Amino acid sequence: FWIIHRGLPPAALALVVFAYLLGISKKRWQGTLGVAEVAAVAFLGLSCLNVVWFHTDPLANLYLVYDQLFVPLCLYLLVRLLPLAEQDLRLLVPVGLATVLAQSVVGILAWFVPRMLPAAWLSYQGARTTGTLGYPHAYTSTLVFFMFLLFHDAMARRPALIRFASLMTFGLGTFSVFMSFARGSWLGALLAGMGLLFLYPRAALRILFVLLILAAILGGVVLSSEMAFARQRLNAETPARDRWVVWDAGLRMVRDNPLFGVGFGNYRRYADQFQRRVLDHLVTRTLASHNSYIGLAAELGLPAFLLFALPVLWWLRRTLEVWPRLPRMGFMSRALLAILWL
């Protein structure tokens, strides 16, 4: 963990920067750093100051800031600085294929044959599927990202074995997202899938038709208990009502602490003080925010939240500016940019 997660991204970024500054690399950076990068660095700095201000012993939370904010920022800057050509982005395709296959297999084994896997991968056994990634949302976000990339690559190829393998892996990933039994992930994947229908209507409808047939066949026989559990998840009202209570509490925390929040990592510490009856429903235990954006605003304040959102809004604006100049067809096309947004 120290070598790969905490060490490798900053070291790679430092190597790229020093190679450029010393004139070792002949490749030029693909653009100057601008508003998005300044906002991201300012968000990181504000988060560090927040930890130091709100915690008497800030070291443990500074580790979290390093893991959750600094390392992702290094990866973002690597993508920003390195001149990526089409062949570089195509290298993500075999990585995506291997990732979706591996995570899907682990997820399926965890549900049906858990004794074959290490205990560390079974923390949600019988309730959610997480693959090797620890949490359902990390599992499904990873699957959807690479599944959609595989689908796009398949549409840019002529019919052949690689295209067939990519589409089959897309179908396997769709099944694995269903097996996560995370309703938020189902909703997110459904919305992204609607975007896929707009990008590739014929191909997406064919895949959807095949998946529905398989679901009808398997759901009535092999997966009957899983389908029943899925219906139970969809009809469970109490967790949904809990969300209203906890989101209301988070928004009240933002209202009462708009500038600096309640402190990085302090959401659970103060949430029960703000929870109240909402829609005639009361939660008797302290819950996590169940919403990354409300949680971020509650812990760090609205200025930090705006800094967090600014790069996304900046790149959305840049997307709209370059959209007319992008090719309509091929791997490096408008569809790829849309896939990444989805």
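Thresholds, definitions, all that
- Residues numbered from 1 in each chain as written.
- Predicted model: local features only at pLDDT ≥ 70, side-chain atom pairs only at ≥ 80, totals over all residues.
- Heavy atoms only, no water.
- Helix = DSSP H or I, 4+ residues; strand = E, 2+ residues; numbered from the N terminus.
- Rg over C-alpha atoms; globule rule 2.2 N^0.38 Å.
- Buried < 20%, exposed > 50% of the residue type's maximum accessible area, 1.4 Å probe, protein only.
- Lys, Arg positive; Asp, Glu negative; His and termini not counted.
- Charge placed at Lys NZ, Arg CZ, Asp CG, Glu CD.
- Salt bridge = Lys/Arg side-chain N within 4 Å of Asp/Glu carboxyl O.
- Contact = heavy atoms within 4.5 Å.
- Core = buried A, V, L, I, M, F, W, Y, C linked by side-chain atoms within 4.5 Å.

Colleague: I keep staring at the overall build of the protein and nothing clicks. Help me out?
Modeller: Regarding its fold elements, the protein presents 15 helices and zero strands. Taking 342 residues into account, the globule formula puts the C-alpha radius of gyration at 20 Å, and the protein, at 22 Å, falls close to it. Structurally, the protein occupies a C-alpha span of about 65 × 60 × 40 Å along its principal axes. Counting all 342 residues of the protein, 37% fall into the buried class. Averaged over its 30 positive side-chain charges, the protein has a centre that lies 9 Å from the centre of its 15 negative ones.

Colleague: Help me understand the pattern of salt bridges in this model?
Modeller: As a working rule, side chains carrying opposite charge can pair if their charged atoms are close by. By the definition in use, this model includes eleven salt bridges. Linking R255 and D256 is a salt bridge whose minimum nitrogen-to-oxygen distance equals 3.0 Å. On the basis of relative accessibility, which here comes to 55%, the residue R255 falls in the exposed class. With relative accessibility at 42%, the residue D256 sits in the partly exposed group. Between R277 and D280 there is a salt bridge; the shortest N-O distance is 3.7 Å. In this structure, R277 and D280 share a single accessibility class: exposed. Among the ionic contacts, a cluster of salt bridges with common partners joins E86, R90, D153 and R157.

Colleague: Teacher, can you tell me more about the environment of G301 here?
Modeller: Within the secondary structure layout, G301 lies in the loop between α13 (292-300) and α14 (302-322). Filtering out sequence-adjacent residues up to four positions away, G301 remains in contact with N257, P258, L259, F260, G261 and L296.

Colleague: Can you help me understand the nonpolar core in this one?
Modeller: Ranked by internal contacts, the top residues of the largest apolar core, which has 32 residues, are F148 and F151. Contributions of two or more residues to this core are made by α5 (92-112), α6 (136-155), α7 (161-179), α8 (183-199), α9 (201-219), α10 (224-235) and α15 (334-341). For this core, the leading source of residues is α6, giving eleven residues. Setting aside chain neighbours within four positions, we find F151 in contact with L167, F170, L196, Y200, A203, A204 and I207. Membership of the second largest hydrophobic core comes to 17 residues, among which are L13, L44, C74 and A304.

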